[in-house]
Amino acid sequence: MKTLALPALLLAATACTLPPVETPDPTIDQALLARYRSAVPKKQNLSATLPESAGGAGALVGDPAVYPAMAVPHVVGVNTMIGNILDTVEAVVALPPTLYNSETREFVWGPFDNGDSPLAGDKALVYIKEQDEGEDFQFVFAFARLMGDDIATAAPVIWGGVNPTPDVEDQGNGVLLLDFEASRAFGEANGADLSAEARGRFAAGFARGPNDDGSDSMVTLVVGSFRGFNGEGGTETIDVDHLWGNVAGADGNTIDFMNLAVEGNVLQDTTAAETLDMQLVLWNRGIGRGEVLLTGGDAGANIGEGTECWDAAVEQQYYQVTVTDEAGAETVVETEGDAATGCPAPFDVPLADLGIPTLADVDDGILGALQNAAENGLGG
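In this text, all values refer to a predicted model and were calculated from it rather than measured experimentally.

Novice: Sorry, what's going on with helix 3 (residues 180–189) here?
Specialist: The periodicity of an α-helix, 3.6 residues per turn, causes residues three or four places apart in sequence to face the same way. Within helix 3, the full set of buried residues consists of Phe180, Ala182, Ser183, Arg184, Phe186 and Gly187. In the core, the buried residues of helix 3 are packed alongside strand 3 (122–130), strand 4 (139–147), strand 5 (155–164), strand 6 (172–179), strand 7 (199–210) and strand 8 (217–230). The N-cap of helix 3, judged by a side-chain oxygen 3.1 Å from the amide nitrogen of Glu181 a few residues on, is Asp179. Directly beyond the C-terminal end of helix 3, a positive phi value near 85° is found at Gly191.

Have a look at this one:
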């Protein structure tokens, strides 16, 4: 089995030119406005700080580990994208709002000129709305595109729903949707060239709060789904589900775990799509273990399985790939290092034995809702 290569996820969000900061409107309740602003999650609470530089093309003991080289940039990239979205929204809502609607309990910022757009008259706005009690989210917000100043025509391209934890800035839960298809539809309706525009959608659910096991630790979870995604607007797309989690102990120790499920041209021998499942765990962003399962596409009836362990510098200490054919015969096709010494406890056993969460542990309703949003958008 060849070294796996995930297609690059080149991510971009619509940008707008913000007006200069003005004096706050004295007619607006500043305490109320501050409560709405606090509903926008802070990016530092949802961004992976994994070893992005770890990994390379090698598969030899002492070389950078292979599986972190594949998975970590994806997870960091996704969480960086989430952070950029939140940065954009936060930068806008830091400005004085354009209006407040007391009946709909909604603040609106804009419309502003969308300076990076080639379309004349292309503008953007942001709104934050407090919902009625009993709704899934206390607050919803959106970044929307529109032509001119009629906000009734605005098309949301970023949407979020948030349940902030009262009086605790860095905790809460919510969802985000980045809708490239909505942005493409807006551009197409107004004569834009879509040949190089990203396509597909990305939906993510997130939560951050104290560990429910009673320990003095903080847990962050991000579950995401890409559907029909291509960051450069080409015809070949990829579907990805991913889970990233971080447990930060009061003693300074951290555990990061991730699970990627990919439907796409992973092997890149032909245009056939393979199914890849990858699970990794890192202790203090260093020592860890990764496991991979590859089926379908160019793998045919074979099942490829890989195991890798690495040290605190994320350098490979053990690596093995096996292929099981349709008759059940298993062949070791590549081995580097010794599992006995290269995979020290607790990583001397399969990750399933450690009880590390995977996508299979995510609530079916939550994962299904994210997948549906990524497939069909807000109206799906």
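What follows picks up the thread again.
Novice: Got a minute to help me understand the side chain of Asn211 in this structure?
Specialist: Looking at the secondary structure, you find Asn211 in the loop between strand 7 and strand 8. By relative accessible area, which is 17% here, Asn211 ends up buried. There is a polar contact of 3.2 Å between the side chain of Asn211 and the backbone nitrogen of Asp213. Look past the residues within four positions of Asn211 in its chain and what remains in contact with it is Ser217, Val219 and Val247.

Novice: Would you explain the packing of aromatic side chains in this entry?
Specialist: Aromatic rings in a pair are described by how distant their centres are and how their planes are angled relative to each other. Tallied over the entire structure, the rule returns 10 aromatic pairs. Measuring from centroid to centroid gives 5.8 Å for Phe180 and Phe229, while their planes differ by 50°, and the two rings are tilted. Highlighted residues: Phe180 in helix 3 and Phe229 in strand 8, separated in sequence by 49 residues. In terms of burial, Phe180 and Phe229 fall into one category: buried. Of the aromatic side chains, those joined through ring pairs into one cluster are Tyr36, Tyr100, Phe107, Trp109 and Phe139.

Conventions we followed
Here the residue numbers are simple positions, counted from 1 along each chain's written sequence. Under the rules for a predicted model, residues below a pLDDT of 70 receive no local features and side-chain atom pairs below 80 are neither given nor counted, while totals for whole chains, interfaces and linings still include all residues. No hydrogens and no water enter the side-chain calculation; it runs on all heavy atoms of the structure. When accessible area is computed with a 1.4 Å probe and restricted to protein chains, residues below 20% of their type maximum are described as buried, those above 50% as exposed, and intermediate ones as partly exposed. Secondary structure follows DSSP: runs of H or I at least 4 residues long count as helices, runs of E at least 2 residues long count as strands, and numbering of each begins at the N terminus. What makes two residues a contact is simply this: any of their non-hydrogen atoms within 4.5 Å. The term polar contact refers here to a pair of N or O atoms within 3.5 Å; inside protein, the definition further demands a hydrogen-donor-capable atom paired with an acceptor-capable atom, and it admits residues adjacent in sequence only when both atoms are side-chain atoms. Stacked, tilted and edge-to-face pairs are distinguished by plane angle, under 30 degrees for stacked and over 60 for edge-to-face with tilted covering the rest, among Phe, Tyr and Trp rings (Trp via its six-membered ring) whose centres lie within 6.5 Å.

So, to be careful, I would describe these as geometric facts and stop short of saying anything about function.
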